[in-house]
Structures are given as structure tokens and as C-alpha cells.
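# Commentary on secondary and tertiary structure
Residues per chain are reported as follows:
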Amino acid sequence: MYLGIMPCGIDGIDDCDTVLINRSNGTGVVMISLEEYNSLKETEYIMSSEQTMNDIRKGEEDLKAGRGIEVNLDEL
């Protein structure tokens, strides 16, 4: 759907965090970059798994308790 507006310009959308568009029918639209949208969807997916969230919390507790290990990313 073409809205006829491009507040940040086609090439400039990466420079905008969020664009709010107020429509005359009272409903609004939020425009974000595809990168931001994909990030939000990935976060939603990760957070939808109770087991994954429990694993993340356990990892955070382990790090706070000094049970973390140092890993060289080049060696993975």
C-alpha cells in the first residue's frame, strides 16, 4: 500500500528510530526499519519459549555467581 509519504526519505529510513503516522480514522501506524522489525520478531520468538527463557535466566545467575567461562570466539 502506497501512503504517498516518506518522512525520512527512501534512503534515510535507517536514520529514523520510529515514525508514527496518525491517520484520520483514529488509528495510528508505526513505521520501523526492516532490521528493527526482524529484531522484534526474533525477541518475541525467543521469549515465547519458557525453556529458553529459563536457560537465559540460569545463565545470568551463573554469571553473577562467578560460574561463567571465558571463550575465545575465534576458536568456536
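Residues numbered from 1 in each chain as written. Predicted model: local features only at pLDDT ≥ 70, side-chain atom pairs only at ≥ 80, totals over all residues. Heavy atoms only, no water.

Let us look at the overall build of the protein. A count of helices and strands for the protein gives two helices and two strands. Its helices and strands taken in sequence order, the protein reads β-β-α-α from the N to the C terminus. Relative to its full complement of 76 residues, the protein shows a buried share of 9%. When the accessible surface of the protein is split by element, carbon and sulfur atoms take 52% of a total near 7100 Å². (Helix = DSSP H or I, 4+ residues; strand = E, 2+ residues; numbered from the N terminus. Buried < 20%, exposed > 50% of the residue type's maximum accessible area, 1.4 Å probe, protein only. Areas by Shrake-Rupley, 256 points an atom, 1.4 Å probe, with all protein chains shown as cover.)

This part covers a nonpolar patch on the surface. Judged by side-chain polarity, Y45, I46, M47 and I56 come together as a nonpolar surface patch covering roughly 420 Å² of accessible area. No other element matches the three residues that helix 1 (residues 34-47) contributes to the nonpolar patch. Considering the arrangement of structural elements, one finds I56 in helix 2 (residues 50-64). Its relative accessible area of 36% is what places I56 among the partly exposed residues. (Patch = residues over 30% accessible without salt bridge, like charges linked within 9 Å, V, L, I, M, F, W, Y side chains within 5 Å. Salt bridge = Lys/Arg side-chain N within 4 Å of Asp/Glu carboxyl O.)

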